[in-house]
Amino acid sequence: MSVVALAIDALLPALDVIGFSIGVTDPVDNQLLIIMIFLGLGVGPLIFGPISDSLGRKPIVYLGFAFFILASFICIYATSLEMMVAGRILQGIALSAPRTISIAMVRDVYQGDFMARIMSFITVVFLLVPMVAPAMGKWILDTYNWQAIFYVQLIFALLVSLWFWRRQPETLSVANRIPFSKTIFVDGMKELIKYKRTLGFTVISGFIVGSFLVYLSTAQQIFQEQYELKEEFPFIFAGLAITIGTSTFLNGTLVLKFGMEKMVTTFLITYFCISILYVFLFANTGNPSVEILLLFFGLQFFAIGFLFGNLRALAMEPIGHIAGIGAAITGFISTLMSVPISTFIGRYVNDTALPIFIGFSICSMLSIGILYYLKMSVKEKFAKSV
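Residues numbered from 1 in each chain as written. Predicted model: local features only at pLDDT ≥ 70, side-chain atom pairs only at ≥ 80, totals over all residues. Heavy atoms only, no water.

J.: Can you tell me about helix α5 (residues 58-76), naming the residues and giving the values?
T.: Here α5 spans 28 Å end to end across 19 residues, near enough to the 27 Å set by a 1.5 Å rise per residue. Listed in full, the buried residues belonging to α5 are Lys58, Ile60, Val61, Gly64, Phe65, Phe68, Ala71, Ser72, Cys75 and Ile76. Taken end-on, α5 shows its buried residues confined to a sector of 145°, consistent with a single buried face. The secondary structure elements touched by the buried residues of α5 are α1 (2-9), α4 (45-55), α6 (81-109) and α8 (146-167). (Helix = DSSP H or I, 4+ residues; strand = E, 2+ residues; numbered from the N terminus. Expected span 1.5 Å × (residues − 1). Buried < 20%, exposed > 50% of the residue type's maximum accessible area, 1.4 Å probe, protein only. Arc of directions from axis to C-beta. Contact = heavy atoms within 4.5 Å.)

J.: Could you give an account of the environment of Ser120, naming the residues involved and the relevant values?
T.: Relative to the assigned elements, Ser120 resides in helix α7 (residues 112-143). According to the relative accessible area criterion, Ser120 is buried, its value standing at 1%. The spacing of Ser120 and Val4 is 116 residues in sequence and 16 Å in space, taken between C-alpha atoms. Each residue touching Ser120, except ones within four places of it in the same chain, is listed here: Thr248, Asn251 and Gly252.

J.: Could you give an account of the packing of α1 against α6, naming the residues involved and the relevant values?
T.: To characterise two packed helices, one gives the angle between the axes of the helices and the distance between these axes. Axis separation between α1 and α6 bottoms out at 9 Å; the angle between their running directions is 160°. Accordingly, the angle class assigned to the pair α1 and α6 is roughly antiparallel. The handedness of the crossing between α1 and α6 is left-handed. Facing α1, whose interface residues are Val3, Val4, Ala7 and Ile8, α6 presents Arg88, Leu95 and Arg99. (Axes fitted to C-alpha atoms, helices over the stretch in contact; angles between N-to-C directions. Parallel < 35°, antiparallel > 145°, perpendicular 65-115°, else oblique. Left-handed = near helix turned anticlockwise from the far one by under 90°.)

J.: Outline the pattern of salt bridges, supporting the account with residue identities and numerical values.
T.: When charged atoms on two side chains of opposite charge get close, those side chains can pair. A complete count under the given rule lists nine salt bridges for this structure. The salt bridge involving Arg57 is made with Asp53; its shortest N-O contact spans 2.8 Å. A relative accessible area of 4% means that Asp53 is categorised as buried. Between Glu191 and Lys194 there is a salt bridge; the shortest N-O distance is 3.1 Å. The class for Glu191 is buried, based on a relative accessible area of 19%. What makes Lys194 exposed here is its relative accessible area of 59%. One connected set of salt bridges, linked through shared partners, spans Asp53, Arg57 and Asp108. (Salt bridge = Lys/Arg side-chain N within 4 Å of Asp/Glu carboxyl O.)

The structure is reproduced here in structure tokens:
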């Protein structure tokens, strides 16, 4: 999963340089180099998830990395925005294999709050890459060129593939595999929609990922252009990644004490309160000082760290018997939501960071509404059973 983070974050310092090289005239279009890889990450699981339920987990991971290498060469030789976007979408489709199958493999082996604990630790490793990737990307850009960033990604992917082959056993036994058929996706979807909580937590995940994706796609624009902190940007990005990593690491311990749902409830409300406070304070002003902005971003991302793993674990909990196709469909739904959300909000991030916090506020408010609905449904079901 860390290869996904590298493919996204190492490119951030080079967005304007790549845009100039391939003839981009509107700087806002540079956001597409980040957003479109998420489109691929959403579509790809629909291919790889069902196949992994039939053929096993490990072969699909290898297949994904092979396609990633091909897609990376498309990006390296891109001469237009359209060709680069196509390459990034294909990179996302390819990387959706290790990203989705990793989650399915966790569900094959673990369940309940302990599954959330394992996902938290995986997310910590996933978040270690953003701490160093932008700085690494900037060093490569300054020393060589933007194409070299993609070559480094290829080397990293090959090393991870080798490590995965040597160290990770297959988690889906032959007895638990589902014979592949033309209707495997339809059958999986019919099974998944029976679980209201799975769908509910998947939609909440879509809102949270979508709002966070706005930050990822506009961070370079905000700090390098609005605040003119080009040299400091990699270190700012790394510092904010540490806040997410810290809370995700803490979640691995706290979730066993308080449970997934309580953690999600607490930090969804926290997420909303922080964002609405920023909107209230700076709605009629320009950007605050960079220190204030970093404080609010840090608090937001600290809350997010308690949401990512728990939301995915809550969504996967009822569907362990179809973990591959379940991880694929839930990932597709959340990404299908997050890409248009981030694209729409990102278009308004021109002179100020305010639209990001408005997006945080709306997405978290809708998520709280869905969570309340799910809680009420459980109470009604319990009352009827009594």
